[in-house]
Amino acid sequence: MLKKFFSYYVPYKKLFAIDFICAVISAILELFFPIAVNMVIDQILPQGNLRHIVMFSVLLFALYLFNTTMNYIVVYIGHVFGSHIETDMRKELFEHFQKQSYAYFDKMKTGDLMSRITTDLFEISELAHHGPEDVFITIMTLVGAFLLMLNVHIPLALMTVALIPILGVVLGLFSRYMVNINVSIKQNLGRFNAGIQNSISGMRVVKAFANESYENNIFVDLAEKYRLAMVRFYNSMATSSSFNYIVMRLINLFALLAGSYYTIVGELTIGELVGYILLSNVFIRPLERINAMLEVYPKGYAGFVRLQEELNKEPDIVDHPNAVEAPKFEGNIRYDNVSFGYNKEKPVLENVTIDIKAGQTVAFVGPSGAGKTTLVNLLPRFYEITSGQITVDGVDIQDVTMQSLRKQIGIVQQDVFLFDGTIKENVLYGRLDATDEEVEAAIDSAKLREVISNLPDGIDTQIGERGVSLSGGQKQRLSIARIFLKNPKILILDEATSALDTATERFIQSSLDELSQGRTSLVIAHRLATITNADRIIVVTPEGIMEDGTHEELLAQNNIYADLYRSQFGGM
Ligand SMILES: Nc1ncnc2c1ncn2[C@@H]1O[C@H](COP(=O)(O)OP(=O)(O)OP(=O)(O)O)[C@@H](O)[C@H]1O
C-alpha cells in the first residue's frame, strides 16, 4: 500500500523536494530561536549594550522573514504538489470507471461514485502532501530539541522526555481507531450522496406523486447517519486533542518546576532556564502536529484504501489479449447456442441460436421480461455471454476490440439520454470528428430541421440536463440524428418509439425505416404495427425462442404471435 502510495510522488519529485527541504529548513530555524534567547539573556544582556541587542534583534528579524518565505513555499508548493497527485488519482479513477461494464454500473450508485472521485481524493491529497513532511519534521524536531535540551541539562532533559512514550502509545491506538471511523464515515457519505443524487434526479417523479415529505424523511435519515458517524469522529478527535493538551502542559510545567529547582541549586543560569522552557515548547510542538495529523491521516488513509480497493477491481468485460480491430462489417449476425444470466443461479437466455443475414430487419417480440433487451445487449458486449458464441460476418465478437465492435453498432432506445449542452454537441456525439455538413445532413435525415428552426439559437440551443427542454419526440429525433451521423452497419432499436403518441410514432417510424436502409436491424417492439413489415419476427418467451418467421407465416401458425397480434388488433 505504501509503495503504491509513493508511486504517485514520482512525477512530482522536484516539487516534493522543494516543499520538503523548505519545511526542514523552517523546522531547523524554529530550533534556533530558544538558543538565541538564551544567548541574549546570558551573554548580551549582562554587557548592558543596547546596540548589540538591537543588532541581534535585526538579525533575528531577518531570520523570521526568511522563515516566512520558507513557510509560504511550504504551504503553496505543498498544496500544488498535492493537487497534482489528486488530479492524477482522479484521472486514473475516471479511466477505471470508463472501463467498467454495464454490470458494474448496475451495482454501483452514482452518488457513491461521485463522492469517491471528489471528497475521498481531496483527503488523500492532503495526506500526500502533509504526511511525509509531518512525519519527518516531527521526528527531526523532537530529536533536535531533545539534543539541545540534553545540551542544557542532561537529567532534566531525560526526565522531560519520559512522558513521551505514554503519549505515543495512546496516540497510536487512537490513530487506528480513527482510520476505522473514517472508513465508516466514507461509507455513510457515499450512501448519503447516492441518496441525494437519487432524490434530485427523480425530483419530477417526487413532485408528481407529491412525495416531498417522504423524500425528506429519507434524506434526514441519511443525513443523520452521516452526522452520527462524524460525531463519533469528532468525539475521538476531541478526546485525543484534550489528552494531548494536558500532556503538553505537563511537560511545560515540569520544565518550569524542575528547571527552577536546578536554577536555584546553581546548575542552570536564568538564560538557560528560559531557553530550556522555550525549547520544551519547541519539543512539544510536534505533538500538536501529531494531533493535527490524527485528523488528516486517518481520513486520507481510509480514502486511499477505498481508492485502491476500487482500482484493483478488474473490469469484468475486457478486450481479449489477441483482440484485433474489427473489419468493416457487412452485418451478418449469428447467435450460436448462446446462454446468459445476470447471476449464475438464474439464466435469462439458454442455448439461443439465431442467424441473421446482412441487411435484414429482424423484430423481437414477446412478453415483458422474456429477455429481448438482454439478447440484443449481448451483441455490443454490454454483458458477457456465459456460453456459446456470437459472430458478426463469421468473426467472434470476443476476438475484436470492443471499440471497433461498438463503433459499428447504433442503438436507439426508448429512454433517450441526452447530455447537457447544445443540439449540435449532442448530434456530434454520434461521431466526434464529423464535419458541419455531415451534422446538418444527419439533422435533415432525422427530420430534426423543423424542430431546430423553431428554437431561439437553432442548432446551438442549450437543451438542459437530459434534454429537459425538448419533447419526447424531439429527443428521439435527436437521438436518431446521432445514429445517422454514426452511420453504423448494425442497428438496435429497443422500443425506440414506444413512449411516443401514435402520430409522433408514425413520424419517427419513417425516419427509422430510412435509417434501417442498407443496415442489419434488430428491432424490439411491443406495438406490433411497427414491425409487421420486418423480414423476420422472432418470438422470445421466458422458455426461449418459440417462433421465427414473417408476419404472414406467424399469423398462419396461429400460435403465440397470432395471439399477441389479435390482442392488439382484435379478431382476424
Ligand atoms: N441489469 C439487470 N440486472 C439483473 N437482472 C436484469 C437486468 N436487466 C434485466 N434483468 C432481468 O432479466 C430478465 C429479462 O429482462 P429484459 O429486459 O431482457 O426483458 P425484455 O424482454 O426486454 O422486457 P421488456 O419487454 O419489459 O423490456 C428479466 O427477468 C429482468 O428482470
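For the structure itself, consult the block above.
A brief look at the structure comes next.

The rules behind the values
Residues numbered from 1 in each chain as written. Predicted model: local features only at pLDDT ≥ 70, side-chain atom pairs only at ≥ 80, totals over all residues. Helix = DSSP H or I, 4+ residues; strand = E, 2+ residues; numbered from the N terminus. Rg over C-alpha atoms; globule rule 2.2 N^0.38 Å. Contact = placed C-beta atoms within 7 Å. Pairing = 2+ DSSP bridges. Axes fitted to C-alpha atoms, helices over the stretch in contact; angles between N-to-C directions. Near = placed C-beta within 6 Å. Nonpolar A, V, L, I, M, F, W, Y, C, P; charged D, E, K, R; others polar. Expected span 1.5 Å × (residues − 1). Buried ≥ 20, exposed ≤ 12 C-beta atoms within 10 Å, placed from the backbone. Parallel < 35°, antiparallel > 145°, perpendicular 65-115°, else oblique. Left-handed = near helix turned anticlockwise from the far one by under 90°.

**Focus: the overall build of the protein**
Counting its regular elements, the protein contains 19 helices and ten strands. The C-alpha radius of gyration computed for the protein amounts to 35 Å, which surpasses the reference 25 Å derived for 572 residues by more than 25%, pointing to a less compact arrangement than a globule. Its C-alpha atoms give the protein principal-axis dimensions of about 120 × 55 × 50 Å. The contacts of the protein with a sequence gap of at least 6 include a subset with a gap of at least 24, amounting to 79%.

**Re the sheet that holds strand 3 (residues 361-365)**
Strand order in the open sheet formed by six strands is 6-7-8-3-9-10, and the pairing between neighbours is mixed. Because the sheet does not close on itself, it has two edges, and the strands there are strand 6 (409-413) and strand 10 (544-549). Neighbour to neighbour, the strand axes of the sheet diverge by 15° on average, direction disregarded. Both strand 7 (residues 490-494) and strand 8 (residues 520-524) contribute to a ladder of five bridges, which runs parallel. Each bridged residue has a counterpart across the sheet, and for D494 the counterpart in strand 8 is I524. Where helix 19 (residues 560-569) meets the sheet, its contacts fall on strand 3, strand 9 (536-541) and strand 10, and the angle it forms with strand 9 comes to roughly 95°.

**With respect to the site of the ligand**
Every residue lining the ligand is accounted for by D106, Y342, V348, S368, G369, A370, G371, K372, T373 and T374. The greatest single-element share of the shell around the ligand, amounting to three residues, is contributed by helix 11 (residues 372-377). Considering only residue class, the shell around the ligand consists of three nonpolar, five polar and two charged.

**Comments concerning helix 2 (residues 13-44)**
The first and last C-alpha atoms of helix 2 sit 44 Å apart over 32 residues, in line with the 46 Å expected at 1.5 Å per residue. Of the positions making up helix 2, those classed as buried are F16, D19, F20, C22, A23, A27, P34 and N38.

**Comments concerning the packing of helix 14 (residues 436-445) against helix 16 (residues 472-486)**
It is the contact of helix 14 with helix 16, at a shortest axis distance of 8 Å, that shows an interaxial angle of 130°. Between helix 14 and helix 16, the crossing angle belongs to the class labelled oblique. Once helix 14 is placed against helix 16, the crossing between them reads as right-handed. Facing E438, V439, A442, I443 and S445 of helix 14, the residues of helix 16 in contact are A481, F484 and L485. A class-by-class count of the residues in the contact of helix 14 with helix 16 yields six nonpolar, one polar and one charged.

**A word on the pairing of strand 4 (residues 387-392)**
Inspection of the sheet shows strand 1 (residues 333-340) paired to strand 4 by five bridges, in the antiparallel sense. Paired with Y335 across the strands is I390, a residue of strand 4. The pairing of strand 4 with strand 5 (residues 395-396) spans two bridges and is classified as antiparallel. From the neighbouring strand, V392 faces strand 5, where its bridge partner is V395. Remark: two residues form the turn of the hairpin made by strand 4 and strand 5, two consecutive strands paired antiparallel; D393 in that turn has positive phi of roughly 50°.

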